[in-house]
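Below, each chain spelled out in residue letters.
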Amino acid sequence: MKITTDNQKLKVPCNPTIPYIEGDGVGSEITPVMRDVVNAAVDRAYAGKRKIEWLEVLAGQKAYDMTGEWLPQATLDAFQEYLVGIKGPLMTPVGGGIRSLNVALRQTLDLYVCQRPVCYFKGIASPVVHPELVDMCVFRENTEDIYAGIEWEAGSVEARKFYDFLHDGLGVSKVRFPETSAFGVKPVSREGSERLIRAAIEYALSHDLPSVTIVHKGNIMKYTEGAFKKWGYELAEKEFGDELRSGRLVIKDCICDAFLQNALLRPQDYSVIATLNLNGDYVSDMLAAQVGGIGIAPGANINYSTGHAIFEATHGIAPDIAGKDIVNPSSIILSAVMMLDYIGWGDAGKLIHQALEKLFLQGVATYDLARFMDKGKALSTSEFGNELIKVL
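Everything numeric in this text was worked out from a predicted model, so none of it was measured.

Which residues make up the overall build of the protein chain, and what are the values?
When helices and strands are counted, the protein chain shows 14 helices and 16 strands. Computed over its C-alpha atoms, the radius of gyration of the protein chain comes to 22 Å, within 12% of the 21 Å expected for a compact globule of 392 residues. The buried share of the protein chain, taken over its 392 residues, is 51%. Within the protein chain, residue pairs in contact and separated by at least 24 positions form 74% of the contacts whose partners lie at least 6 positions apart. Carbon and sulfur atoms form 52% of the exposed surface of the protein chain, whose accessible area is close to 18100 Å². Taking the average location of the 39 positive side-chain charges in the protein chain and that of its 49 negative ones, the two points are 4 Å from each other.

Next comes the structure, spelled out in structure tokens:
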């Protein structure tokens, strides 16, 4: 059955159909493990009264091999129809085709929030002294900024035309080497900024979190990133004035390079982060490194207005280890925990989270984590999934 929406609230049946993309590279190893773990947790939490009906849809290399298309329309239609889905990592075609399959999915479905929670599991080795102080949720704008993909290659006719427009039409004289310059455009809109920051604020309020920090580079990019900050403060005052005055909501901002330093030195000062696309890419990976790496970093792409959401493994396809049954499936498993929370099945998500905590405390993990643990025991991908199900 389909998940539907009513006044921006999800209506979830007991047996929802959830489309999934297996993914390229290690996707064929981590996605089946995720499904097995989720099925076990849902069965355990709800005594067999709820069940996910999984629907495989195609994208990436598997789609190209079977259909001749990297991202078939049927896949987009399925995510459009069923609202909530999950995906493994996807390769980016080289030398043509879609610039990025991940970006194409986000932009086509207008999944304007990239949500990346970062927290520490006891037992995991970290390069920082107090990783337990890292507990943040990054809201990264997903549809604008340089990821819009508006750029022209150096030496192309389009690059020349663009430069001529800048120089002749707008009087721009700051391009130092125009003949060999490539150009890119960075769109940042009020609407796009406001809906992202609104989602971050509503998340902070609904989870009783202490602050929202707008991370930007507005000291240099005054009319894009600077506007993002300005619009964020204006939105907070206009729509959340009572919460600001009562102290229930605190809005602050930080230049991105300073934030990267501060997040290492005083991570406890930050809770919810609202930032633009490129900054969010850097920030979320840096934070993940503090708590064990991107292999255990979950992520989601969400449109809170329509209800559409695709949860995903945040790492790449890892072709060097694909097929060896050693990849860490925790990223897509924790993304599934986010998905369960999103559809209101948080009890099943808590069971998975607790089971992971127990295994990590015992030093049980895949090789990437176990090698740094005191007396760590390295399991294969499939063995780790089976052990996780036993602990459930």
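The discussion continues.
Help me get a handle on the side chain of threonine 31, residues and values and all.
Counting through the fold element by element, threonine 31 comes out in helix α1 (residues 27-46). A residue is classified by how much of its surface remains accessible, and threonine 31, at 1% relative accessible area, is buried. Ignoring anything within four residues of it in the chain, the contact list for threonine 31 reads Tyr20, Ile21, Glu22, Gly88 and Ile332.

Residue-level account of the pattern of salt bridges, with values.
This model, assessed by the stated rule, comprises 20 salt bridges. In this structure, glutamate 81 and lysine 2 form a salt bridge, with 2.6 Å as the shortest nitrogen-oxygen distance. Of the two residues, glutamate 81 is situated in helix α3 (residues 73-82) and lysine 2 in the segment before β1 (4-6); the sequence distance between them amounts to 79 residues. Classification of glutamate 81 by relative accessible area gives partly exposed; the value is 38%. One salt bridge in this structure joins aspartate 145 and lysine 186, with 2.4 Å as the shortest N-O distance.

Mind laying out unusual backbone geometry, listing which residues take part and the relevant values?
Even without a glycine there, the phi angle at aspartate 110 is positive, about 55°. Phi at lysine 375 takes a positive value of approximately 60°, unusual for a residue other than glycine. Inspection of the secondary structure puts lysine 375 in the loop between α13 (367-370) and β16 (377-379). Take lysine 375: its relative accessible area is 76%, and that puts it in the exposed class.

Lay out the side chain of histidine 308 with the relevant residues and their values.
Mapped onto the elements of the fold, histidine 308 is located in the loop between β13 (298-302) and β14 (309-313). A polar contact of 2.9 Å, which involves the side chain of histidine 308, links it to the backbone oxygen of glutamine 80. When near neighbours in sequence (up to four residues on either side) are disregarded, histidine 308 contacts Phe79, Gln80, Leu83, Leu111, Asn301, Ile302, Asn303 and Tyr342.

Describe the sheet that holds strand β3 (residues 17-21), listing the residues and the values that go with them.
Judged by pairing direction, the sheet is mixed, and its ten strands sit side by side in the order β4-β3-β5-β14-β13-β6-β7-β12-β10-β11 without closing on themselves. Lying at the two open borders of the sheet, with one neighbouring strand each, are β4 (53-56) and β11 (251-255). Averaged over all pairs of adjacent strands, the angle between strand axes in this sheet comes to 25°, irrespective of strand direction. Note that β13 and β14 share five bridges and pair antiparallel.

Tell me about the pairing of strand β7 (residues 135-141), and name the residues and values.
Within β7, six of the seven residues are buried, which leaves the element mostly enclosed by the surrounding structure. Pairing of strand β6 (residues 113-119) with β7 involves seven bridges; the strand directions are antiparallel. The partner of valine 113 across the bridge, within β7, is glutamate 141. As judged from the four bridges shared by β7 and strand β12 (residues 272-275), these two strands associate in the parallel manner. The partner of valine 138 across the bridge, within β12, is isoleucine 273.

Can you lay out helix α12 (residues 346-361) for me, pointing to particular residues and giving the numbers?
Taking 1.5 Å per residue, 16 residues should reach 22 Å; α12 reaches 22 Å between its end C-alpha atoms and fits that length. Among all positions in α12, only Gly346, Ala348, Gly349, Ile352, Ala355, Leu356, Leu359 and Phe360 are buried. Looking at the buried side of α12, the elements it contacts are α1, α11 (330-342), β15 (364-366), α13 and α14 (381-391). Positive phi appears at glycine 363, one or two residues downstream of α12, with a value of about 80°.

How would you explain the packing of α12 against α14 if you had to name every residue and give the values?
The contact between α12 and α14 brings their axes to 9 Å, and the two run at 115°. Relative to α14, α12 is oriented roughly perpendicular. Of the two possible hands of crossing, α12 and α14 adopt the one that is right-handed. Side by side, α12 and α14 meet where Ile352, Ala355, Leu356, Lys358, Leu359 and Phe360 of the first sit next to Phe384, Glu387, Leu388 and Val391 of the second. Of the residues assigned to the contact of α12 with α14, the class counts are eight nonpolar, no polar and two charged.

Cut-off values and rules
Residues numbered from 1 in each chain as written. Predicted model: local features only at pLDDT ≥ 70, side-chain atom pairs only at ≥ 80, totals over all residues. Heavy atoms only, no water. Helix = DSSP H or I, 4+ residues; strand = E, 2+ residues; numbered from the N terminus. Rg over C-alpha atoms; globule rule 2.2 N^0.38 Å. Buried < 20%, exposed > 50% of the residue type's maximum accessible area, 1.4 Å probe, protein only. Contact = heavy atoms within 4.5 Å. Areas by Shrake-Rupley, 256 points an atom, 1.4 Å probe, with all protein chains shown as cover. Lys, Arg positive; Asp, Glu negative; His and termini not counted. Charge placed at Lys NZ, Arg CZ, Asp CG, Glu CD. Salt bridge = Lys/Arg side-chain N within 4 Å of Asp/Glu carboxyl O. Polar contact = N/O pair within 3.5 Å; in protein donor to acceptor, adjacent residues only side chain to side chain. Pairing = 2+ DSSP bridges. Axes fitted to C-alpha atoms, helices over the stretch in contact; angles between N-to-C directions. Expected span 1.5 Å × (residues − 1). Parallel < 35°, antiparallel > 145°, perpendicular 65-115°, else oblique. Left-handed = near helix turned anticlockwise from the far one by under 90°. Nonpolar A, V, L, I, M, F, W, Y, C, P; charged D, E, K, R; others polar.

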